[in-house]
Amino acid sequence: MTNYYYTHNPDIVHAEKQWNFEIFDHQFKFTTDNGVFSKRTVDYGSRTLLSAFEPTDLPTGNILDLGTGYGPIGLALAYQSPQRTVDMVDVNELALSLARQNATLNQLTNVNVFTSDCYEQVTTTDYAAIVTNPPVRAGKTVVAAMLTGALPHLVTGGTLTVVLQKKQGAPSAKKIMTATFGNCTIIKKDKGYYILQSVKEGSLDR
């Protein structure tokens, strides 16, 4: 079966649902389906990342939501920072279709939703921030590629912000991010979830 949320075209029986969820004191509407991650609610990891992420300290530039799923992180950031554009990418075509629907449902036009397997189709090199709730079940190699591949897509002063549970590899991810960026800070811990953030420093521009 190829019904995993991190596959290109999940083999599923459709069962669309629409529900509301409050983020940043705003009621968002989400349509979800079988074959996507956390189809019944915005998962706790994504909520923790959003609560820790601080866009006002970012340099000028847009934001990349890597592995967007049906779009809760990217759409929330688009709402929070209307002056920025949020690129929302995933390998899962069903999830991307839902993300587009959800952008329309929430009347958010400062988003671009497109297919990319990790960074393969991401051509921008001047993001102010990259955020990700990586698909742990896709394996360590995929997660590591999402972390190490961020650096050339960020401007100097740009950030990579990642949510992972301690038991699902947060300490290992911190080591990878430190090796890649020369720094990594745990900006929040909550119920076993770690929010990790690295900053692209000038000496690492390449």
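Right above here is the structure, for reference.
So, how was this worked out
- Here, residues in each chain are numbered from 1, in the same order as that chain's written sequence.
- It should be noted that, the model being predicted, local features are given only for residues of pLDDT at least 70 and side-chain atom pairs only at 80 or more, the latter also being counted only at that level, while totals for whole chains, interfaces and linings use all residues.
- Calculated side-chain values reflect all of the structure's heavy atoms, with hydrogen atoms and water omitted.
- Between rings of Phe, Tyr and Trp, where Trp is taken as its six-membered ring, a pair exists when centres lie within 6.5 Å; planes separated by under 30 degrees are stacked, by over 60 edge-to-face, and by other angles tilted.
- Note on conventions: DSSP H or I runs of at least 4 residues are helices, E runs of at least 2 residues are strands, and numbering of each starts at the N terminus.
- The classification of residues rests on relative accessible area computed with a 1.4 Å probe and restricted to protein chains. Under 20% of the type maximum is buried, over 50% is exposed, and intermediate values are partly exposed.
- Orientation is described by lines fitted to C-alpha atoms, with helices fitted over the stretch in contact, and by angles between N-to-C directions that extend from 0 to 180 degrees.
- By the definition used in this description, the sense in which the near helix is turned from the far one sets the handedness, with an anticlockwise turn below a right angle giving left-handed and a clockwise turn giving right-handed.
- The contact criterion used is simple: two residues touch if any of their non-hydrogen atoms lie within 4.5 Å.
- What is meant by a nonpolar core is a set of buried Ala, Val, Leu, Ile, Met, Phe, Trp, Tyr and Cys residues, joined one to another through side-chain atoms within 4.5 Å.
- DSSP calls a pair of strands paired once it identifies at least 2 bridges connecting them.
- Throughout, the term roughly parallel applies to angles under 35 degrees, roughly antiparallel to angles over 145, roughly perpendicular to angles from 65 to 115, and oblique to all others.
- When residue character is reported, Ala, Val, Leu, Ile, Met, Phe, Trp, Tyr, Cys and Pro are called nonpolar, Asp, Glu, Lys and Arg charged, and the others, Gly included, polar.
- Any N or O atom pair separated by 3.5 Å or less is treated as a polar contact, with the protein-specific requirement of one donor-capable and one acceptor-capable atom, and with residues adjacent in sequence counted only for side-chain atom pairs.

(A) Main features of the packing of aromatic side chains. Across all of its chains, the model carries four aromatic pairs by this definition. Relative to Tyr79, the ring of Phe28 has its centre 5.5 Å away and its plane inclined at 80 degrees; by these criteria the two rings are edge-to-face. Of this pair, Phe28 sits in strand E2 (residues 26-32) while Tyr79 is found in helix H2 (residues 72-80), placing the two residues 51 residues apart along the sequence. For Phe28, a relative accessible area of 1% translates into the label buried. Judged by centre distance (5.8 Å) and plane angle (45 degrees), the ring pair of Tyr44 and Tyr193 falls under tilted. One end of the pair, Tyr44, is in helix H1 (residues 44-52); the other, Tyr193, is in strand E9 (residues 193-199), with 149 residues separating them in the sequence. Take Tyr44: its relative accessible area is 25%, and that puts it in the partly exposed class.

(B) Seen up close, the packing of helix H4 (residues 140-148) against helix H5 (residues 170-181). Two elements in contact, H4 and H5, have axes whose closest approach is 9 Å; the angle formed by their N-to-C orientations is 35 degrees. Regarding H4 and H5, the two cross each other, and that crossing is right-handed. Counting all contacts with H4, which are made through Ala144, Leu147 and Thr148, the residues of H5 involved are Ala173, Ile176, Met177, Thr180 and Phe181.

(C) Examining the nonpolar core more closely. Core analysis: the largest hydrophobic core is formed by 31 residues, its most contacted members being Phe53, Leu77 and Val111. Elements with a minimum of two residues in this core: E2, H1, H2, strand E4 (86-90), helix H3 (93-105), strand E5 (111-115), strand E6 (127-132) and E9. Aside from chain neighbours lying at most four places away, what touches Val111 is Leu75, Ala78, Thr85, Val86, Met88 and Ala103.

(D) Structural detail: the pairing of E5. By the bridge criterion, five bridges tie E4 to E5 in an arrangement that is parallel. Paired with Val89 across the strands is Phe114, a residue of E5.

(E) Representation of the packing of H1 against H2. The contact between H1 and H2 brings their axes to 10 Å, and the two run at 25 degrees. Here H1 is positioned roughly parallel relative to H2, judged by the angle of their axes. Here H1 runs over H2; the crossing is right-handed. Here Ser46, Leu49 and Leu50 of H1 lie close against H2, whose contacting residues are Pro72, Ile73, Ala76 and Leu77. Here the residues of the contact of H1 with H2 sort into six nonpolar, one polar and no charged.

(F) Fine view of the environment of Thr132. On the secondary structure map, Thr132 appears in strand E6. In this structure the C-alpha to C-alpha distance between Thr132 and Thr161, which are 29 residues apart in sequence, comes to 6.5 Å. Sequence-distant contacts of Thr132, that is, excluding residues within four places in its chain, are made with Leu49, Leu66, Met146, Thr161, Val162 and Val163. Of the polar contacts made by the side chain of Thr132, one reaches the backbone oxygen of Leu66; its length is 2.8 Å.

(G) Structural view of the sheet that holds E6. Within the open sheet, the seven strands sit side by side as E5-E4-E3-E6-E7-E9-E8. Their pairing is mixed. With partners counted over all chains shown, the strands left at the sheet margins are E5 and strand E8 (185-190), one partner each. Taken over all neighbouring pairs, the strand axes of this sheet differ in orientation by 15 degrees on average, direction set aside. This element, H2, spans strand E3 (63-66), E4, E5 and E6 of the sheet and lies at about 175 degrees to E4.

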